[in-house]
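Topology and contacts: notes
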Amino acid sequence: MFKTPVLLILYNRVEETHNLFQIIKKIKPEKLYVAADGANRTIPIDYQTCLKARSVVMPEWQCETKYLFHDEHLGKSKNVHKAISWMFEHEEEGIILFDDTLPNIDFFHYCEELLEKYRNVPQIMHIGANYLKRKKKYLKDSYHYTAYSFIWGFATWRRAWQGFNLEIKKNSDKFFNRMVNKYVNNPLEKIFCHNIYNKLSKYNLDYWEYQYNFHIWAHNGLCISPNVNLVTNVGFKKRRRRVRKLMKESAPILPLQHPEKIERNKKADNYIFRKVYKRGLSRVFFDWFNETVLRQEKQL
């Protein structure tokens with residue numbers, strides 16, 4: 001039995017949820033949290049697909065299972081925020097997975113070991129699962145420290161999630177400037193971060209991926225990123241070719257070789273910003289418009 005609590009966040013992906021649950025069944029977590037967004041009323045078959053996706057998650061082992069099923073369609077960002085906050089009402093730490101991801105079995109043990117190792121290290125706020133470079137050079141350590149919080153499967157603590165919300169207030173401009181200056185030296189990257197912040201705050205957009213990363217920066221935090229990819233995002237199959245390239249196969253990582261000291265890998269971060277993290281502002285508006293105005297679920 002696997003002792004670390006696991007949270008599964010889902011919506012209406014039936015086949016993907018089934019495939020993910022087959023992996024979760026192999027580790028048999030003692031505690032399983034299941035949070036599901038409600039059906040989009042503007043999509044005729046959404047109610048049926050949401051019910052089917054929920055019905056997939058039926059533990060057949062001895063397991064303490066809690067459910068948070070929404071009747072209303074919240075959209076991805078609100079659903080994620082409520083789901084993780086709900087789990088941390090009951091737990092001090094946990095693993096978070098989404099219905100469009102497929103983890104390697106090693107991912108769970110990697111998270112469990114690092115949750116324990118960094119439990120009392122406030123600077124470490126996020127344990128990511130993704131390594132997205134094209135070519136893998138020889139790396140002595142199993143993971144490195146980064147400023148970026150990849151969220152396609154991750155683990156964290158209540159202490160790190162505490163205080164996170166989906167609001168960005170314009171009266172925090174000076175604080176945001178100081179915060180960005182601590183993490184960003186590249187002028188283009190600074191402009192990008194400020195543009196994201198200005199759009200989110202001006203138009204009151206919910207885009208949890210960026211807001212969560214800013215939350216970590218606001219608390220002087222760092223993230224952990226593995227030096228092999230541990231979780232495949234199968235949702236990328238339906239995206240544009242540029243995004244599909246990020247759908248990397250997963251690989252084993254155990255046993256872990258830990259770095260000797262906590263130090264951000266700025267070279268790796270520069271690559272991630274150029275090749276992966278940066279997306280046009282039009283993408284932010286497109287996703288927000290689909291979720292909030294058209295009430296359609298974004299697929300990333």
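Just above, that's the structure.
Our subject in this report is the structure included herewith. Note that the structure is a prediction, hence the values are computed from the model and not measured.

Things to note about the overall build of the protein
Within the protein, the regular secondary structure consists of eleven helices and ten strands. Counting over 300 residues, the protein shows a buried share of 54%. Across the protein, every contact between residues at least 6 apart in sequence was considered, and the portion connecting residues at least 24 apart equals 82%. Only carbon and sulfur atoms are counted for the fraction: they give 51% of the accessible area of the protein, which is about 14,700 Å².

Focus: the side chain of Ser149
Positionally, Ser149 belongs in the loop between β7 (143-146) and β8 (154-157). Beyond its immediate chain neighbours, meaning those up to four positions away, Ser149 contacts His126, Tyr212, Asn213, Ile216 and Cys223.

Some remarks on helix α1 (residues 14-27)
In a regular helix each residue adds 1.5 Å, so 14 residues correspond to 20 Å; α1 covers 21 Å between its end C-alpha atoms and thus fits that length. Within the sequence span of α1, burial applies to Thr17, Leu20, Phe21, Ile23, Ile24 and Ile27. All buried residues of α1 project into a common sector of 160° when viewed along the axis, lining one side. In this structure, α1 carries Glu15 and Lys26 as exposed residues pointing more than 90 degrees from its buried face. Here the buried face of α1 lies against β1 (6-10), β2 (31-36), α2 (46-56), β4 (93-98), β5 (101-103) and α4 (105-117). Positive backbone phi, approximately 50°, marks Lys28, located one or two places after α1.

Details of the nonpolar core
Leu7, Phe107, Tyr110, Phe214 and Trp217 are the most contacted members of the largest nonpolar core, which totals 87 residues. The contact partners of Phe107, leaving out residues within four places of it in the chain, are Ile95, Leu97, Ala129, Gly153, Phe154, Leu230 and Val231.

Criteria and thresholds
- Residues numbered from 1 in each chain as written.
- Predicted model: local features only at pLDDT ≥ 70, side-chain atom pairs only at ≥ 80, totals over all residues.
- Heavy atoms only, no water.
- Helix = DSSP H or I, 4+ residues; strand = E, 2+ residues; numbered from the N terminus.
- Buried < 20%, exposed > 50% of the residue type's maximum accessible area, 1.4 Å probe, protein only.
- Contact = heavy atoms within 4.5 Å.
- Areas by Shrake-Rupley, 256 points an atom, 1.4 Å probe, with all protein chains shown as cover.
- Expected span 1.5 Å × (residues − 1).
- Arc of directions from axis to C-beta.
- Core = buried A, V, L, I, M, F, W, Y, C linked by side-chain atoms within 4.5 Å.

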